[in-house]
Amino acid sequence: MGIESLLVSSNRNTLHVETAEILRHDAHDAHQYVMRIHAPLIAAAARPGSFVHINCDVALPLRRPMSIMRTDPNAGWIDILYKEHGLGTALLAKREAGEHLDLIGPIGRPFKQTNYRNKPLLIGGGVGIPPMIFLAEYMKDSAFDLTPLVLIGSEAPYPFTPRPSRIIVPGIPPGAIAAMPLLEDWEIASRLASGQEYAGCYQGMVTELAHKWLTSLDARVRAQVEIFACGPTPMLHAVADLAKEFSLPCEISLEEYMACAVGGCAGCTVRIHDNGEDAMKRICVDGPVFEASTVVFS
């Protein structure tokens, strides 16, 4: 069955197969790249947590899933952030502005878009950073009166130049002052964590920083928090434990290699425990976003 047939048979009416132009392709330290792609159909339909399936090169039949970091539906572009790791991303890293890519998207169940608590805590680790940026921007542009805090962890150099935050966040250790400039410009508080002794960063895991902040809150304030996260599986496991410890709602976006990414091959499954029963769910279409309390990590 072809891709187009899968899309029709599954009634996924927001999915598009789109030939998209690379508008810019910026290289950063540690073989990290930000690519802006003109894909107006996908940009119009994407939601925080959505991803695209990219044909990295005509010489490589299998596509690669990439989280969407930002969109501009009016201008018709999306941004992706990726790290060169393996043949597919190595080929993608060689692509230049003006070239075209074949994309399928937006794919997947996104993060919730309504009924937020007032103090969302967004936690991104490594290549799990993009969905948190997308969600933060969505919250900024919404009509909700929210005060999100974005915590970002990385053991590689950040794909941006950190700067000292001018936004005071009570409960954050005093030495942790490094922030993401884009979020600062949006007036969204952020802090960075790493074990690499980067200047101004919290020295340790991002989940440890989140724990310190949550512990500092009184019960009334903590009751206004809910958690959203994306990153490597061990980090997400720690986030789920964090949410359980403080009895907070939590949505996590799982990362997984995918073959078809539209639910046809069932090669990206995860065990979900809900309503007393176990079930195998496909990360590509049943997720990638799941309630953290339902994911079986072991």
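See above for the structure.
Chemist: Give me the overall build of the protein: which residues, what numbers.
Modeler: The secondary structure content of the protein amounts to eight helices and 17 strands. In terms of C-alpha radius of gyration, the protein reaches 19 Å, essentially the compact-globule figure of 19 Å for 298 residues. C-alpha atoms of the protein, sized along the principal axes, occupy 55 × 45 × 35 Å. Residues classed as buried in the protein amount to 52% of the 298 residues present. Approximately 13,500 Å² of the protein is accessible, and the part contributed by carbon and sulfur atoms is 52%. Averaged over its 25 positive side-chain charges, the protein has a centre that lies 3 Å from the centre of its 33 negative ones.

Chemist: I'd like a rundown of helix 8 (residues 233–245), residues and numbers included.
Modeler: With 13 residues, helix 8 should cover 18 Å at 1.5 Å per step; its first-to-last C-alpha distance of 18 Å lies within 8% of that length. In the core, the buried residues of helix 8 are packed alongside strand 7 (119–125), helix 6 (206–216), strand 13 (225–230) and strand 14 (250–253). Where helix 8 terminates, the next one or two residues include Ser247, which has phi positive at roughly 55 degrees.

Chemist: Describe the pattern of salt bridges, listing the residues and the values that go with them.
Modeler: Within the structure shown, the criterion is met by ten salt bridges. Arg63 is the salt-bridge partner of Asp102, the closest N and O atoms lying 2.2 Å from each other. In this pair, Asp102 is assigned in strand 6 (residues 100–107) and Arg63 in the loop between strand 3 (51–55) and strand 4 (64–72), connecting sequence segments 39 residues apart. By relative accessible area, Arg63 is classed as buried at 14%. In this structure, the salt-bridge partner of Arg282 is Asp286, at a minimum N-O distance of 3.4 Å. According to the relative accessible area criterion, Arg282 is partly exposed, its value standing at 24%.

Chemist: Please give an account of the packing of aromatic side chains that cites residues and values.
Modeler: One pass over the full model with this rule turns up six aromatic pairs. Judged by centre distance (5.9 Å) and plane angle (80 degrees), the rings of Phe111 and Phe228 are edge-to-face. With a gap of 117 residues between them, Phe111 in the loop between strand 6 and strand 7 and Phe228 in strand 13 connect regions that are remote in the sequence. The exposure class of Phe111 is buried, given its relative accessible area of 1%. Residues Tyr116 and Phe228 carry aromatic rings whose centres are separated by 6.0 Å and whose planes lie at 75 degrees to one another, so their mutual orientation is edge-to-face. Taken as a pair, Tyr116 in the loop between strand 6 and strand 7 and Phe228 in strand 13 lie far apart in primary sequence, 112 residues in all. Classification of Tyr116 by relative accessible area gives buried; the value is 10%. Among the aromatic residues, ring-to-ring pairing joins Phe111, Tyr116, Phe144 and Phe228 into one connected group.

Chemist: Explain the pairing of strand 15 (residues 269–274) residue by residue, including any values.
Modeler: Bridge analysis of strand 15 against strand 16 (residues 277–282) gives six bridges, and the strand direction is antiparallel. Looking at the pairing, Val270 lines up with Lys281 of strand 16. The antiparallel hairpin formed by strand 15 and strand 16 contains two residues in its connecting segment, where Asn275 sits at a positive phi of about 55 degrees.

Chemist: Please set out the environment of Ser194 residue by residue, giving values where relevant.
Modeler: Of note, Ser194 is situated in strand 11 (residues 189–194). Expressed as a C-alpha distance, the spacing of Ser194 and Ser154, which sit 40 residues apart in the sequence, is 5.4 Å. Contacts of Ser194, omitting those with residues within four sequence positions, involve Ser154, Glu155, Tyr158, Cys201, Tyr202, Gln203 and Gly204.

Chemist: Tell me about the pairing of strand 5 (residues 77–83), and name the residues and values.
Modeler: In terms of burial, strand 5 is a largely internal element, six of the seven residues being buried. By the bridge criterion, seven bridges tie strand 2 (residues 32–38) to strand 5 in an arrangement that is antiparallel. Counterpart to His38 in the pairing with strand 5 is Trp77.

Chemist: Give me the lowdown on unusual backbone geometry, citing residues and values where you can.
Modeler: In terms of backbone geometry, most residues other than glycine have negative phi values and most peptide bonds are trans. A cis amide bond, omega -10 degrees, links Gly105 with the succeeding residue Pro106. Relative to the helices and strands, Pro106 resides in strand 6. A cis amide bond links Gly287 to the next residue, Pro288, at an omega of 10 degrees. By the secondary structure assignment, Pro288 is in the loop between strand 16 and strand 17 (289–291). Unlike most non-glycine residues, His31 shows phi in positive territory, near 60 degrees. Mapped onto the fold, His31 is located in the loop between strand 1 (16–28) and strand 2. One non-glycine residue, Ser247, lies in the positive phi region at around 55 degrees. Examined against the element boundaries, Ser247 turns out to sit in the loop between helix 8 and strand 14.

Rules of the game
- Residues numbered from 1 in each chain as written.
- Predicted model: local features only at pLDDT ≥ 70, side-chain atom pairs only at ≥ 80, totals over all residues.
- Heavy atoms only, no water.
- Helix = DSSP H or I, 4+ residues; strand = E, 2+ residues; numbered from the N terminus.
- Rg over C-alpha atoms; globule rule 2.2 N^0.38 Å.
- Buried < 20%, exposed > 50% of the residue type's maximum accessible area, 1.4 Å probe, protein only.
- Areas by Shrake-Rupley, 256 points an atom, 1.4 Å probe, with all protein chains shown as cover.
- Lys, Arg positive; Asp, Glu negative; His and termini not counted.
- Charge placed at Lys NZ, Arg CZ, Asp CG, Glu CD.
- Expected span 1.5 Å × (residues − 1).
- Contact = heavy atoms within 4.5 Å.
- Salt bridge = Lys/Arg side-chain N within 4 Å of Asp/Glu carboxyl O.
- Phe/Tyr/Trp six-rings, centres within 6.5 Å; stacked < 30°, edge-to-face > 60°.
- Pairing = 2+ DSSP bridges.

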